[in-house]
Amino acid sequence: MTDPFPAAVLRSAELTAFSRGGGASTIPLVTKARGAEVFLNGMTQFEAGAGIPLHTHNCPESVVILQGSAIVEIDGEEHRLSTWDTTYVDAGVPHRFRNASGTEPMRILWTYASVDATRTIVATGATARVDAEHQSR
C-alpha cells in the first residue's frame, strides 16, 4: 500500500511552467509525482490567438475557463466560452481549446479523471502521457 497523498498548498507563482508549444504553457498542480492516486489537475495559459491541436484522452476531462475567452471544439462542434464556463469531455472524444482573443491571454484549469491520463493527437495518432508534458525540454 502506498502512502496517501500528503496535504499540500500549491502556489502557482512558485511552480514551474512548462511550454507545450504554439503559445501554450502548463503549470501542473495535483500530479502523480506529488503522490496523487485518483486524478491530475493543473493550469494552462494560452497567449493571444494560441491553441492546441485536436486530441483525445483515455479518461474524462473537465476544464474551467479561469481568465479570458475561449473557443472549444468538441466532437466537431465549436462553442465560445467565457470566465467560469466549464466543459466535460468523455474519454475518446476529439476536442481542442483556442484563445478567442487576439490580444489578451486565456487561462484554463484542467482535471483528468486518472493519474494515468494520456493525450492522443488526432492528426498524427501520437499518444503520450499528460504528465510527460511536465518535464523540461
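Provided above is the structure to which this section pertains.
Residues numbered from 1 in each chain as written. Predicted model: local features only at pLDDT ≥ 70, side-chain atom pairs only at ≥ 80, totals over all residues. Heavy atoms only, no water.

J.: Can you break down the overall build of the protein residue by residue, with the values?
T.: Assigned secondary structure in the protein consists of zero helices and 12 strands. The secondary structure elements of the protein, listed N-terminal to C-terminal, are β-β-β-β-β-β-β-β-β-β-β-β. Taken over C-alpha atoms, the radius of gyration comes to 15 Å for the protein, in line with the 14 Å a tight globule of 137 residues would show. Its C-alpha atoms give the protein principal-axis dimensions of roughly 45 × 30 × 30 Å. Considering the protein as a whole, with its 137 residues, one finds that 37% of them fall into the buried category. Pairs at least 24 residues apart make up 62% of the contacts formed inside the protein by residues separated by at least 6 positions. Counting only carbon and sulfur atoms, one obtains 53% of the accessible surface of the protein, whose full area is about 7,300 Å². (Helix = DSSP H or I, 4+ residues; strand = E, 2+ residues; numbered from the N terminus. Rg over C-alpha atoms; globule rule 2.2 N^0.38 Å. Buried < 20%, exposed > 50% of the residue type's maximum accessible area, 1.4 Å probe, protein only. Contact = heavy atoms within 4.5 Å. Areas by Shrake-Rupley, 256 points an atom, 1.4 Å probe, with all protein chains shown as cover.)

J.: Just give me the short version of unusual backbone geometry, but keep the residues and values in it.
T.: Phi is mostly negative for residues that are not glycine, and the peptide bonds are mostly trans. Even without a glycine there, the phi angle at aspartate 75 is positive, about 50°. Here aspartate 75 shows up in the loop between β6 (70-74) and β7 (77-81). Despite not being glycine, tryptophan 84 shows a phi value in the positive range, around 80°. Summarising the element assignment, tryptophan 84 is placed in the loop between β7 and β8 (86-89). For tryptophan 84, a relative accessible area of 60% puts it in the exposed group.

J.: Can you lay out the pattern of salt bridges for me, pointing to particular residues and giving the numbers?
T.: Once the charged atoms of two side chains with opposite charge are near each other, the side chains can pair. Tallied over the full model, the rule gives five salt bridges. Close ionic contact of arginine 98 with glutamate 78 constitutes a salt bridge, the shortest N to O distance being 3.0 Å. Of the two residues, arginine 98 sits in strand β9 (residues 95-99) while glutamate 78 sits in strand β7, which places them 20 residues apart along the sequence. The exposure class assigned to glutamate 78 is partly exposed, which follows from its relative accessible area of 46%. One salt bridge connects aspartate 131 with arginine 129, and the closest N-O pair in it is separated by 2.9 Å. For arginine 129, a relative accessible area of 32% gives the class partly exposed. (Salt bridge = Lys/Arg side-chain N within 4 Å of Asp/Glu carboxyl O.)

J.: Give a detailed account of the pairing of β8, specifying residues and quantitative values.
T.: The two faces of β8 differ: Thr87 and Val89 on one face are buried, but Thr86 and Tyr88 on the other face are not. Pairing of strand β5 (residues 61-67) with β8, which is carried by four bridges, proceeds in the antiparallel orientation. Along β8, the bridge assignment pairs valine 63 with threonine 87. (Pairing = 2+ DSSP bridges.)

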